[in-house]
Amino acid sequence: MATGLHFARLVFLLHGLLGLGTALASAGSLPGLTPRSPFSSGKICTVTPKGCRRDDVPQILKAFEDCNHGGTVVFPEGRKFYIASRLNPVLYDVTIEWRGLWQFSDNLTYWRNNSYPIAFQNHAAGFAISGDRIRINGYGTGGINGSGNSWYNAEQATTQPGRPMPFVFWNVSDVSVDHFFVKDSPLWSINIMNGTNMRFDDIYVNNTAVNAPWGKNWVQNTDGFNTMDANNIVLTNFVYQGDDAIAIKPRSYNIHCQNLTIHGGNGIAIGSLGQYLEDSSVENVVVKDVKVLTYNLDMHNSAYIKTWIGEEAPQSGYESAGLPRGGGWGVVNNLRFENFYIEGAAIGPNINQDSGNNGSFSGTSNMLVSNIAFVNFTGFLAATSNRTAAVSCSARNPCYNITMQNINLGLTEDDPAREGAVGTCKYIAAGGVRGMTGSGC
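Residues numbered from 1 in each chain as written. Predicted model: local features only at pLDDT ≥ 70, side-chain atom pairs only at ≥ 80, totals over all residues. Heavy atoms only, no water.

Q: Explanation requested: the overall build of the protein in the structure shown.
A: Across its full length, the protein carries four helices and 27 strands. In terms of C-alpha radius of gyration, the protein reaches 22 Å, essentially the compact-globule figure of 22 Å for 441 residues. Along the three orthogonal principal directions, the C-alpha set of the protein runs to about 65 × 55 × 40 Å. Expressed as a percentage of the 441 residues in the protein, the buried residues total 58%. In the protein, once contacts between residues fewer than 6 apart in sequence are set aside, the share between residues at least 24 apart is 72%. On the protein, the mean spot of the 30 positive side-chain charges and the mean spot of the 34 negative ones are 3 Å from each other. (Helix = DSSP H or I, 4+ residues; strand = E, 2+ residues; numbered from the N terminus. Rg over C-alpha atoms; globule rule 2.2 N^0.38 Å. Buried < 20%, exposed > 50% of the residue type's maximum accessible area, 1.4 Å probe, protein only. Contact = heavy atoms within 4.5 Å. Lys, Arg positive; Asp, Glu negative; His and termini not counted. Charge placed at Lys NZ, Arg CZ, Asp CG, Glu CD.)

Q: Would you mind showing me how to read the pairing of strand 12 (residues 190–206) here?
A: Sheet faces and side chains relate simply in a regular strand, where the side chains alternate between the two faces. Here strand 11 (residues 168–183) pairs with strand 12 via 13 bridges, running parallel. Each bridged residue has a counterpart across the sheet, and for Asp 178 the counterpart in strand 12 is Asp 201. Of the strand pairs in this sheet, strand 12 and strand 13 (residues 225–241) are connected by 14 bridges, and their pairing is parallel. Looking across to strand 13, one finds that Gly 195 is bridged to Ala 230. (Pairing = 2+ DSSP bridges.)

Q: When you look at the nonpolar core in this model, what are you seeing that I'm missing?
A: Considering soluble globular proteins, one finds that nonpolar side chains tend to be buried as a cluster. Counting residues in each nonpolar core, the largest one holds 90 residues, and the members touching the most others are Trp 102, Phe 169 and Phe 337. Each residue touching Phe 337, except ones within four places of it in the same chain, is listed here: Ile 268, Ile 270, Val 287, Ala 303, Ile 305, Ile 372, Ala 373, Phe 374, Val 375 and Phe 377. (Core = buried A, V, L, I, M, F, W, Y, C linked by side-chain atoms within 4.5 Å.)

Q: Would you mind showing me how to read the sheet that holds strand 10 (residues 164–165) here?
A: Two pairing modes exist for strands in a sheet, parallel and antiparallel, and in both the strands are linked by backbone hydrogen bonds. Reading across the sheet, the three strands line up as 6-7-10 and stay open at both edges, with mixed pairing between neighbours. Looking along the sheet, the strands with just one partner apiece sit at the ends: strand 6 (116–118) and strand 10. Here strand 6 pairs with strand 7 (residues 123–125) via three bridges, running antiparallel. By the bridge assignment, Ile 118 is partnered in strand 7 with His 123.

Q: Explanation requested: the side chain of Asn 145 in the structure shown.
A: Its location among the elements puts Asn 145 in strand 9 (residues 143–145). Asn 145 gets classed as buried once you look at its relative accessible area, which sits at 14%. Side-chain polar atoms of Asn 145 contact the side chain of Gln 103, separated by 3.4 Å. With residues near it in sequence (within four places) discarded, Asn 145 still touches Leu 101, Trp 102, Gln 103, Phe 104, Lys 183 and Asp 184. (Polar contact = N/O pair within 3.5 Å; in protein donor to acceptor, adjacent residues only side chain to side chain.)

Q: Quick question: what am I supposed to make of the environment of Ile 407 here?
A: Residue position: Ile 407 is located in strand 23 (residues 400–410). Classification of Ile 407 as buried rests on a relative accessible area of 1%. With 15 residues separating them in the primary sequence, Ile 407 and Val 422 have C-alpha atoms 8.9 Å apart. Ignoring sequence-local partners within four residues, the contact set of Ile 407 consists of Pro 349, Phe 374, Phe 377, Arg 418, Glu 419, Gly 420 and Ala 421.

Q: How should I be thinking about the environment of Gly 317 in this particular structure?
A: Turning to its location among the elements, Gly 317 is positioned in the loop between strand 18 (303–308) and strand 19 (329–345). A relative accessible area of 37% places Gly 317 in the partly exposed class. A C-alpha to C-alpha distance of 30 Å links Gly 317 and Thr 388, two positions 71 residues apart in sequence.

Q: Teacher, can you tell me more about helix 2 (residues 57–66) here?
A: The periodicity of an α-helix, 3.6 residues per turn, causes residues three or four places apart in sequence to face the same way. Among the residues of helix 2, those classed as buried are Val 57, Ile 60, Ala 63 and Phe 64. For helix 2, the buried positions fall inside an angular range of 120° around the axis, keeping them on one side. (Arc of directions from axis to C-beta.)

Q: Looking at this structure, how should I read the state of the cysteines?
A: By definition, a disulfide links two cysteine residues through a covalent bond between their sulfur atoms. According to the stated counting rule, one finds three disulfides in the structure shown. The partner cysteine of Cys 45 in its disulfide is Cys 67, sulfur to sulfur 2.1 Å. Because the sign of the S-S torsion sets the handedness, a value of about 95° for the bond joining Cys 45 and Cys 67 places this disulfide among the right-handed ones. Here Cys 45 is found in strand 1 (residues 44–46), whereas its partner Cys 67 is found in the loop between helix 2 and strand 2 (72–75), with 22 residues between them in sequence. Each member of the pair, Cys 45 as well as Cys 67, carries the same accessibility label: buried. Here Cys 393 engages in a disulfide with Cys 399; their sulfurs sit 2.1 Å apart. Residues Cys 393 and Cys 399 are joined through a disulfide that is right-handed, its torsion about the S-S bond being 85°. Accessibility assignment for this pair places Cys 393 and Cys 399 in one class, buried. (Disulfide = S-S within 2.5 Å.)

Q: Help me understand the pattern of salt bridges, please; the structure alone is not making it clear to me.
A: Side chains that carry opposite charge are capable of pairing whenever their charged atoms lie near each other. The full count for this structure, using the stated rule, is 15 salt bridges. Asp 174 is the salt-bridge partner of Arg 36, the closest N and O atoms lying 2.8 Å from each other. Taken together, the residues Arg 36 in the loop between helix 1 (4–18) and strand 1 and Asp 174 in strand 11 connect sequence positions 138 residues apart. In the salt-bridge network here, residues are joined through shared partners; they are Arg 112, Glu 155 and Arg 163. (Salt bridge = Lys/Arg side-chain N within 4 Å of Asp/Glu carboxyl O.)

Q: Explain the packing of aromatic side chains here, please?
A: On inspection of all chains with the given rule, the structure shows 25 aromatic pairs. Centroid distance Phe 167 to Phe 169: 4.9 Å. Interplanar angle 50°. Geometry classified as tilted. The two residues Phe 167 and Phe 169 agree in class, both being buried. Each ring, one from Phe 340 and one from Phe 377, has its centre 4.6 Å from the other, and the planes form 0°; the classification is stacked. Of the two residues, Phe 340 is situated in strand 19 and Phe 377 in strand 21 (residues 366–381); the sequence distance between them amounts to 37 residues. Under the relative-accessibility criterion, Phe 340 is labelled buried at 1%. The buried category is assigned to Phe 377, whose relative accessible area is 0%. In this structure, Arg 99 is placed above the aromatic ring of Tyr 139, and the distance from its NZ or CZ to the ring centre is 3.6 Å. (Phe/Tyr/Trp six-rings, centres within 6.5 Å; stacked < 30°, edge-to-face > 60°. Lys NZ or Arg CZ within 6 Å of the ring centre and 35° of its normal.)

Right, dumping it as structure tokens:
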């Protein structure tokens, strides 16, 4: 008997074959997700900063220990806490009233040598929180400053290993985060790695390199909100400026993102997927009600799916640790991008399955992309060609049931909107793309 995910795949395959619509996305039922609340013992632990750039981490860890299993930890409004060493508290049934500011130190040497190593893409973390039933509220005043401009100025667009992620959720369940900000993150700003039943609302992330020349991107890899090994995640009312606003990475399931405003960077990314020899699947994702607005002339994408080539190939970038990468497998299934208003991105809907290609492995991806819908895209691009969309999939696994519906984008600000998606299609199944015209479509 076909059950669960296997049944869902059958249903959406039939929908595509019968022309009944695509990517309805069971993730659409998630907006009302309510993580389990922490048990309350009534105990309160209020943290007072030491001041004078003295490390507050020891007393922060002491407060988390004292108020673990039912307590409330308070970081008072208007107070700055200096984070000069790494920390990974493991919390159960804890409420955090995070009204004050955590300021990461600008000691690049310390963080390069002492951050927690993250094997995926050769990254690192400065603060990782683990546990179950955790409630965080920033009350509109609380958050993290990662001192990112120290890193942006030192590296000037050539990202080096050791940048610490400032807010990582590692092995967590039943977490809520409300009214919170992250500013000037050295690397991925908010990162979920092994998380279940999590809700984020009213989140603001701004990673701006104040000394970067106009038109130059010095904030590579400062993604706003990332998921990996994640299930049942809701993000609402999110504002971002920087690189990828959202990146849905391997083994992410049932993700719902809604009411997003993006300034500059790379828009909404699914991926990259398949970089390693492992299952890199992503299924059941809804991203809707999105404004994608150019900043600093660096808006490359609006909504895109990117997977790696199907064979290991030599790589020189630090994100691959200088080792051959690619060859991963899995599915990208049942995704819906809906109600996107765009100003100045280079392209609208985009699927590309050739990440990591050195020129010898085009069309080899082992990832199967299917049941994808791009719906209601309006506004204008900063296009350098006559394309408003692009689809390049895999000869090994030709994509199918890709729908472009109500794609009405001008090529430039002064160009009238083109009715329907216009672009190029490669390595697709026969009739695999609907609602798009152009070579190969």
